[in-house]
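Architecture at a glance
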Amino acid sequence: MDVMIQGGSPLTGELHVPPDKSISHRAVILGALAQGRSIIRNFLRSEDTLATVRCLRGLGITVEDKGKVLEVHGNGLRGLREPSNVLDCGNSGTTMRLLAGMVASYSFLTILTGDDSLRNRPMGRVIKPLMLMGTSIEGRKNGVYAPLVIKGGQLRPISYRLPVASAQVKSAILLAALGIEGETEIRELAPSRDHTERMLKAMGARLQVKDKVIHLTGGHELLPQEYTIPGDISSAAFWLVAACLVPGSELILRDVGINPSRTGVIKVLRQMGASIQTINERLLGGEAVADLIVRSAPLKGVDIGGEIIPTLIDEIPILAVAMANAKGESVVRDAQELRVKETDRIKAICDNLRALGAEIEEMSDGFWVRGSAKFNGAEVNSFGDHRLAMAMGIAGLLTQDPIRLTRAEAVNISYPGFWYDLNRFTSVEINKI
Ligand code: S3P
């Protein structure tokens, strides 16, 4: 599917962004391991999270979609059964990595596969700690790529230092450790999103976090929960940047998750001069949420790297659009993880922004960009990556001549209503070829 976008009007009024993808995955996965019925309100129904639901059903879990709520009937920590077929994780790295941990202590056979992109993303980072715990896992290219063939067994606790700041790897180890008597210790390089830890604590798990070290004592059943999932700050980020850049905008984004491990994008936009106000701060299911008010403002360049990167890693494609339109130069460093996302995001950002007329240079772990670009019309590609597709959609609000985006359906991975929402502020011509 192609879309054509050409300039936009100021972004005003209110918008509800879709429910948080990371929290939706975890709510249904942990619900499946709890003893009894969990109720999830505002569950994200997108390709990635529905892949997780499909895989859990393959593992014998009943998940009922009742419209307003999703009901998950957990059978406890030992309640999964051997899937009768290969489990297809689609495009979702979170599904594959978290499920690898979830099944690691089961002696039955699980085969996890995914689409072309997912089968080329590094899996060694989860395979290594899970094998240290005692699971047997095989993957293509000597255990680097999926399909993964997992045959678990009696696991032992480990003390493990994460070589990358990855919430998916951390969560995979925690899921495997839940069933092990004894204490597993995980040391993080830099703090990454902590939704799994928060949810596990709420479910009664013996989990403690001190500085960047997590301790989990397994062997205790989890209590089912009722959750309401907050709005996804990673989806809100597109509108934050759009409203900053389109003069005359004033937009309210309701019920957005503002967990500190995810708010790097707000910090950096404020550093760039953005006007973003948080109001109605409250707690929803153990997670901080707020309404965000964003008004257009002139932005200036910024230099980012280090520990802030994991807190905004998914927002770098849209931050790049902001940087290309800010006054002065910007640099993104320490973001080599972008190379192994749904596509090589460093290359994809640079190729697309260059096509739009920006001056941008690729570095091994990020990019350099000179701001104040006047985007021209061009043909750009999502490369099948949802966040690239949406970043290009927002870039389309800023051009006189049309932007044509190919593989625009990628938005369905995390934000199926994106083109519909964008159409409020511009005319989006959709070409379903
Ligand atoms: C996610 C963690 C991050 C993030 C991804 C979602 C999660 O990946 O980029 O979109 O839900 O745990 P890594 O764990 O690879 O950093």
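Keep in mind it's a predicted model, so treat the numbers as computed, not measured. Counting from 1, residues in each chain are numbered in the order their sequence is written. It should be noted that, the model being predicted, local features are given only for residues of pLDDT at least 70 and side-chain atom pairs only at 80 or more, the latter also being counted only at that level, while totals for whole chains, interfaces and linings use all residues. With hydrogens and water set aside, each side-chain value is computed from the structure's full complement of heavy atoms.

With respect to the pattern of salt bridges
- Take a side-chain nitrogen of Lys or Arg and a carboxyl oxygen of Asp or Glu: if they are within 4 Å of each other, that pair is a salt bridge. Enumeration over the complete set of coordinates arrives at 32 salt bridges.
- Of the charged contacts in the structure, one is a salt bridge between Glu307 and Lys212, with a shortest N-O distance of 2.8 Å. Here Glu307 is found in the loop between β18 (303-304) and α10 (316-324), whereas its partner Lys212 is found in the loop between β12 (206-210) and β13 (213-218), with 95 residues between them in sequence.
- Think of it in three bands: with a 1.4 Å probe and only protein chains considered, a residue is buried below 20% of the maximum accessible area for its type, exposed above 50%, and partly exposed in between. Residue class for Glu307 comes out partly exposed when judged on its relative accessible area of 44%. Numbered from the N terminus, helices here are DSSP runs of H or I no shorter than four residues, and strands are runs of E no shorter than two.

Observations regarding the site of the ligand
- Around the ligand, the neighbouring residues are Ser22, Arg26, Thr94, Arg97, Ala165, Ser166, Ala167, Gln168, Arg193, Ile313, Asp314 and Lys341.
- Measuring from an oxygen atom of the ligand, one finds a side-chain N or O atom of Arg26 at 2.6 Å.
- Here a polar contact means two N or O atoms within 3.5 Å. Within protein one must be a hydrogen donor candidate and the other an acceptor candidate, and residues neighboring in sequence count only if both atoms are side-chain atoms. At a separation of 3.5 Å, an oxygen atom of the ligand approaches a polar side-chain atom of Thr94.
- Accessibility throughout is a Shrake-Rupley quantity obtained with a 1.4 Å probe, and a residue counts as covered only by protein chains that appear here. For the ligand, whose free accessible area comes to 390 Å², the fraction covered by protein is 95%.
- For the ligand, the cavity whose grid points lie within 2 Å of the majority of its atoms is the largest pocket. Residues are labelled near a given molecule or strand when at least one of their non-hydrogen atoms is within 4 Å of it. Note on definitions: the grid is 1 Å and covers protein atoms alone; a cavity is a set of points where a 1.4 Å probe fits but cannot get out; a pocket is an open set with protein on both sides within 12 Å along at least five of seven lines; lining residues have an atom within 4 Å of a point. Any molecule with more than half of its atoms within 2 Å of a cavity's or pocket's grid points is counted as sitting in it.

What to know about the domain arrangement of the protein
- Partitioning the protein into structural domains gives domain 1 (2-19 + 231-431) and domain 2 (21-218).
- Of the residues lining the interface, 24 residues belong to domain 1; the matching set on domain 2 comes to 27 residues.
- A combined buried area of about 2100 Å² lies between domain 1 and domain 2, and 47% of that area is made up of carbon and sulfur atoms.
- Here domain 1 and domain 2 share three salt bridges between them.
- Arg193 is the salt-bridge partner of Asp314, the closest N and O atoms lying 3.3 Å from each other. For the domains described, the bounds stem from an automatic or database domain assignment. Pairs of residues are marked as contacts when any of their non-hydrogen atoms sit within 4.5 Å. In this description, buried area is defined as the sum, over both parts, of the accessible area (probe of 1.4 Å) that is lost when the two are combined.

What to know about the layout of surface pockets
- One number sums up the size of the largest pocket: a volume of about 680 Å³.
- What lines the largest pocket is a set of 39 residues, and nearest its centre among them are Ala165, Ser166, Ile313, Glu337 and Lys341.
- Taken together, the elements giving at least two residues each to the lining of the largest pocket come down to α1 (21-33), α3 (93-102), α6 (167-177) and α12 (386-395).
- Partitioning the lining of the largest pocket into residue classes produces 10 nonpolar, 11 polar and 18 charged.
- Counting contributing residues per domain, the lining of the largest pocket is built from domain 1 (2-19 + 231-431) and domain 2 (21-218), each supplying no fewer than three.
- Grid points are joined across faces, edges and corners, and a volume is the space filled by probe spheres set on the points. Approximately 420 Å³ is the volume attributed to the second largest pocket.
- In terms of lining, the second largest pocket is formed by 21 residues, of which the most central are Leu245, Asn325, Ala373, Lys374 and Leu398.
- Note that Gly is not counted as nonpolar here; it falls among the polar residues with everything else outside the nonpolar set of Ala, Val, Leu, Ile, Met, Phe, Trp, Tyr, Cys and Pro and the charged set of Asp, Glu, Lys and Arg. Class assignment for the residues of the lining of the second largest pocket results in 12 nonpolar, seven polar and two charged.

What about the side chain of Thr196?
- Of note, Thr196 is situated in helix α7 (residues 195-202).
- The exposure class of Thr196 is buried, given its relative accessible area of 2%.
- Apart from the residues lying within four places of it in its own chain, the contact partners of Thr196 are Arg26, Leu30, Ser171 and Leu174.

Some words on the nonpolar core
- Only buried residues count toward a nonpolar core, which is a set of Ala, Val, Leu, Ile, Met, Phe, Trp, Tyr and Cys residues joined through side-chain atoms within 4.5 Å. Counting 80 residues, the largest nonpolar core has Trp239, Leu253, Leu269, Leu353, Phe367, Phe418 and Trp419 as its most contacted members.
- Here the element with the most residues in this core is helix α8 (residues 233-245); it accounts for 11 residues.
- If near-sequence neighbours (up to four positions away) are discounted, Trp419 is found in contact with Met1, Val3, Ile5, Ala389, Gly393, Leu405, Ala408, Val411, Val428 and Ile430.
- Core analysis: the second largest hydrophobic core is formed by 66 residues, Phe43, Leu98, Val126 and Leu178 among them.

Regarding the pairing of strand β21 (residues 366-370)
- Most of β21 is tucked away: four of the five residues are buried.
- DSSP bridges decide pairing: two strands pair if at least two such bridges lie between them. Two strands pair when backbone bridges link them, and strand β19 (residues 329-332) and β21 are joined in this way by four bridges, in the antiparallel orientation. The partner of Glu329 across the bridge, within β21, is Arg370.
- Bridge count between strand β20 (residues 359-363) and β21: five bridges; the pairing is antiparallel. Across the sheet, the residue bridging to Glu361 is Trp368, located in β21.
- Turn length for the β20-β21 hairpin, with the two strands adjacent in sequence and antiparallel, is two residues.

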